[in-house]
Structures are given as structure tokens and as C-alpha cells.
Amino acid sequence: VELVESGGGLVTAGGSLRLSCAASEGTFSTSDMSWYRQAPGKEREFVAQVTVSGGTYYADSVKGRFTISRDDAENAVYLQMAGLKPEDTAIYYCHAGAVPMTSGDYLHNYWGQGTQVTVSS
């Protein structure tokens with residue numbers, strides 16, 4: 001599965017951006033889809049997830065500001081970001097997880113190449 005992110009860019013604090021992630025193959029509809037981000041000098045962190053059944057989960061730092069959604073017909077997942085803050089500056093990565101395991105991880109993990117989001121103060 002190939003994942004390609006788009007929609008990143010430079011925005012001033014308080015602004016909005018919409019990230020998109022397009023998947024190349026049909027396994028998208030059986031994968032939990034997530035967004036992660038990695039800021040300079042920091043580890044990659046979870047941002048949001050939308051499961052196969054449509055359940056959504058968010059990191060506390062973005063709850064109420066970000067909205068994740070998926071379109072299985074288009075093999076795409078989106079991250080609508082509003083009320084952006086300078087601390088949201090990071091490279092945002094799309095992740096597809098297929099075949100969940102009891103450990104909480106997935107048997108198959110796929111990552112996109114990332115898209116840069118920069119929020120100026």
C-alpha cells in the first residue's frame with residue numbers, strides 16, 4: 001500500500017489547513033487510518049485515528065481543533081486542522097494499520113512520506 005500525503009504548508013496561528021492522504025490499493029477499506037506528526041528534535045507522536053468502523057480518536061493536544069475523516073470510495077483520509085498553533089508545526093505522516101494484533105500493534109504497517117505543516121506566530 002502506497003500512501004501519499006498532501007495539503008501541508010505555511011499558515012499563521014489561528015488558521016486552518018486540510019491534509020489529505022491518498023492510498024494506492026483496495027486494502028484501504030480494511031485498514032485503520034491514522035495521522036502522526038514529528039516536530040524537529042522530537043519523537044513521532046500520535047495525532048488522530050479513524051478506524052475501519054468509523055470510530056475516531058484524538059490526542060489531547062488536538063482534541064476539539066482537528067477532525068479526521070475517511071472516504072473509502074476514494075481511498076482517502078483527511079485531517080481538517082483548525083485553530084492552528086505554532087506548536088502544531090511538524091511533519092505530518094499518514095499511517096495505515098491492517099490486521100490488528102493483541103499487542104495493540106498491527107501486522108501490516110504502511111507510512112506515507114510526510115507533509116510539512118508550519119504555523120507562524
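Everything below is about the structure printed above this text.
Please read these numbers as outputs of a predicted model, since none were measured by experiment.

K.L.:
Go over the overall build of the chain, please, and point to the residues and values.
P.N.:
Each helix and strand counted, the chain has 0 helices and 11 strands in total. Scaling as 2.2 N^0.38, a compact globule of 121 residues should have a C-alpha radius of gyration of about 14 Å, and the chain matches this with 14 Å. C-alpha atoms of the chain, sized along the principal axes, occupy 40 × 30 × 25 Å. Counting only residues that meet the buried cut, the chain has 42% of its 121 residues in that class. Taking contacts inside the chain between residues at least 6 apart in sequence as the whole, the part at least 24 apart equals 54%. Per element, the accessible surface of the chain, about 6100 Å² overall, is 51% carbon and sulfur. Averaging the locations of the 8 positively and 13 negatively charged side chains of the chain gives two centres separated by 9 Å.

K.L.:
Tell me what's going on with the nonpolar core, and back it up with residues and numbers.
P.N.:
One finds Met-33, Trp-35, Val-77, Leu-79, Met-81 and Tyr-92 to be the most contacted residues of the largest nonpolar core, which totals 27 residues. Of all elements in the fold, only strand S3 (17-23), strand S4 (31-38), strand S5 (45-50), strand S7 (66-71), strand S8 (76-81), strand S9 (90-100) and strand S11 (115-120) reach the threshold of two or more residues within this core. When residues no more than four places from it in sequence are discounted, the contact partners of Met-33 are Leu-3, Cys-21, Phe-28, Ala-48, Gln-49, Val-50, Ile-68, Arg-70, Val-77, Cys-94, His-95 and Ala-96.

K.L.:
Account for the sheet that holds S3, with residues named and values stated.
P.N.:
The strand order across the open sheet formed by 4 strands is S1-S3-S8-S7, and the pairing between neighbours is antiparallel. Of all strands in the sheet, those with a lone pairing partner are strand S1 (3-6) and S7, marking the two edges. Each adjacent strand pair in this sheet contributes to an overall mean axis angle of 15°, direction not counted.

K.L.:
An account of a nonpolar patch on the surface is requested, with residue identities and associated values reported.
P.N.:
On the surface, Val-99, Met-101 and Leu-107 cluster together to form a nonpolar patch covering roughly 250 Å² of accessible area. Relative to the helices and strands, Met-101 is located in the loop between S9 and strand S10 (106-111).

Reading guide: rules and limits
- Residues numbered from 1 in each chain as written.
- Predicted model: local features only at pLDDT ≥ 70, side-chain atom pairs only at ≥ 80, totals over all residues.
- Heavy atoms only, no water.
- Helix = DSSP H or I, 4+ residues; strand = E, 2+ residues; numbered from the N terminus.
- Rg over C-alpha atoms; globule rule 2.2 N^0.38 Å.
- Buried < 20%, exposed > 50% of the residue type's maximum accessible area, 1.4 Å probe, protein only.
- Contact = heavy atoms within 4.5 Å.
- Areas by Shrake-Rupley, 256 points an atom, 1.4 Å probe, with all protein chains shown as cover.
- Lys, Arg positive; Asp, Glu negative; His and termini not counted.
- Charge placed at Lys NZ, Arg CZ, Asp CG, Glu CD.
- Core = buried A, V, L, I, M, F, W, Y, C linked by side-chain atoms within 4.5 Å.
- Pairing = 2+ DSSP bridges.
- Axes fitted to C-alpha atoms, helices over the stretch in contact; angles between N-to-C directions.
- Patch = residues over 30% accessible without salt bridge, like charges linked within 9 Å, V, L, I, M, F, W, Y side chains within 5 Å.
- Salt bridge = Lys/Arg side-chain N within 4 Å of Asp/Glu carboxyl O.

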